[in-house]
Amino acid sequence: MAADAEMIADRRRLRRKLTLWRVLAVLALMVAVGTVGLVASGRAREIGQGKQIARISVSGMITGDSRMADLFRRVGDSAAVSGVVISISSPGGTTTGSEELYRGIRVLAGKKPTVAFVDGTAASGAYITALAADRIVARETSLVGSIGVLFQYPDVSKLLGTLGVGVEEVKSSPLKAEPSGFKPTSPEARAALQAVVNDTYAWFKDLVKSRRGLTDQQLAAVSDGRVFSARQAMPLKLVDELGTERDAIAWLERERKVPANLPVRDWKATGPSRFSLWSAAAFGADAAGLAGLAEAIRTAADPAGRVEMSGLLALWQPRLDP
């Protein structure tokens, strides 16, 4: 009998423990769902925070991303944001993606004082991004420039010939679907592509000329596709100041009356409001102060964030010849 009583008592204790864990699990799920919803809508970063300077980071390959437009809108409409630092470390990317960032930042700069800080590299499309800010500050050893446009495609026609493989095609006109990697590029197709590259290159140069206030002679000296160190770029008028992010913030205070003692908060693009184990894990990492881990989790979980390079490129690619 004593053994039966002890067994019954053990079962009751086990039931109480299971009930407690179930309640805690439900509460945790409710908190996670609510928090992820707030993060996705962009409001979580503003809750409990006063006046601040927003930092928006542009890094890696630049491609079209509609989430960035939403980020610029949220930052521009936030009463908590007094100024914006665009922190750039990127070799560039697609011309359309770079143009999208440029236009978004120009709209943002119409609402908030905005300064670009080159924290590493702002080449090609990333330099287009920097041009959108009211001022460009760069570390002395940062790389800027690479003003130019690139169109690349593979030619596997010799490989196919070696393998004995041919590709047949029927098309509406000679220049349709050109260039083709299955055959050498014809002079007519090459000329058509060169015209597109030249037109986009002219757009890029006009942007540099108007935003940096360059003469035709000054523009010619910097637009041959090369990169410059920020120390070289200063006398060429490609950057305004050599320094750190604190110098960029000091300019916001000096010229735009933004208090320099405000906290600098990172603002990030967010996706649709969907709860998942990935989003909950990323939120948990953020809450624990592990921002790097949180960003890695979001990148792994977000297929939309995968880089797709197509079309014209404004990209600095160092040669790695053997």
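Quick look at the structure, then. (Residues numbered from 1 in each chain as written. Predicted model: local features only at pLDDT ≥ 70, side-chain atom pairs only at ≥ 80, totals over all residues. Heavy atoms only, no water.)

### Some details on the overall build of the protein chain
Part 1: A tally of helices and strands in the protein chain yields 11 helices and 9 strands.
Part 2: For the protein chain, with 322 residues in total, the buried portion stands at 37%.
Part 3: Here the analysis covers contacts within the protein chain between residues at least 6 apart in sequence; of these, 76% occur between residues at least 24 apart.
Part 4: In the structure as shown, the protein chain presents an accessible area of about 18,300 Å², 57% of it carried by carbon and sulfur atoms. (Helix = DSSP H or I, 4+ residues; strand = E, 2+ residues; numbered from the N terminus. Buried < 20%, exposed > 50% of the residue type's maximum accessible area, 1.4 Å probe, protein only. Contact = heavy atoms within 4.5 Å. Areas by Shrake-Rupley, 256 points an atom, 1.4 Å probe, with all protein chains shown as cover.)

### Structural notes on the packing of aromatic side chains
Part 1: Using the criterion set out here, one finds 0 aromatic pairs in the structure.
Part 2: Stacked on the ring of Tyr201, the Lys or Arg Lys205 has its end atom at 4.4 Å from the ring centre. (Phe/Tyr/Trp six-rings, centres within 6.5 Å; stacked < 30°, edge-to-face > 60°. Lys NZ or Arg CZ within 6 Å of the ring centre and 35° of its normal.)

### Some points on a nonpolar patch on the surface
Part 1: A cluster of nonpolar residues, Leu159, Leu163 and Val165, forms a patch on the protein surface that exposes about 290 Å² of accessible area.
Part 2: Looking at the element boundaries, Val165 is found in the loop between helix 5 (157-163) and helix 6 (187-212).
Part 3: Overall, the relative accessible area of 43% leaves Val165 in the partly exposed class. (Patch = residues over 30% accessible without salt bridge, like charges linked within 9 Å, V, L, I, M, F, W, Y side chains within 5 Å. Salt bridge = Lys/Arg side-chain N within 4 Å of Asp/Glu carboxyl O.)

### Things to note about helix 6
Part 1: The end-to-end C-alpha separation of helix 6 is 36 Å, in line with the 38 Å expected for 26 residues at 1.5 Å each.
Part 2: Ala189, Leu193, Val197, Thr200, Phe204, Leu207, Val208 and Arg212 are the residues of helix 6 that are buried.
Part 3: Those residues of helix 6 that are buried are in contact with helix 3 (95-109), helix 4 (125-131), strand 4 (136-138) and helix 7 (216-222).
Part 4: Looking at the residues trailing helix 6, positive phi occurs at Gly213, about 65°. (Expected span 1.5 Å × (residues − 1).)

### Brief notes about the side chain of Ser142
Part 1: Locating Ser142 in the fold gives a position in the loop between strand 4 and strand 5 (143-145).
Part 2: At 3.3 Å, the side chain of Ser142 and the backbone nitrogen of Gly120 are in polar contact.
Part 3: The contact partners of Ser142, leaving out residues within four places of it in the chain, are Val118, Asp119, Gly120, Phe228, Ser229 and Ala230. (Polar contact = N/O pair within 3.5 Å; in protein donor to acceptor, adjacent residues only side chain to side chain.)

### A look at the environment of Val118
Part 1: Relative to the helices and strands, Val118 resides in strand 3 (residues 114-123).
Part 2: Separated by 21 residues in the primary sequence, Val118 and Arg139 have C-alpha atoms spaced 6.5 Å apart.
Part 3: Once residues within four sequence positions are removed from consideration, Val118 is found in contact with Ile88, Ile136, Val137, Ala138, Arg139, Ser142, Leu143 and Val144.

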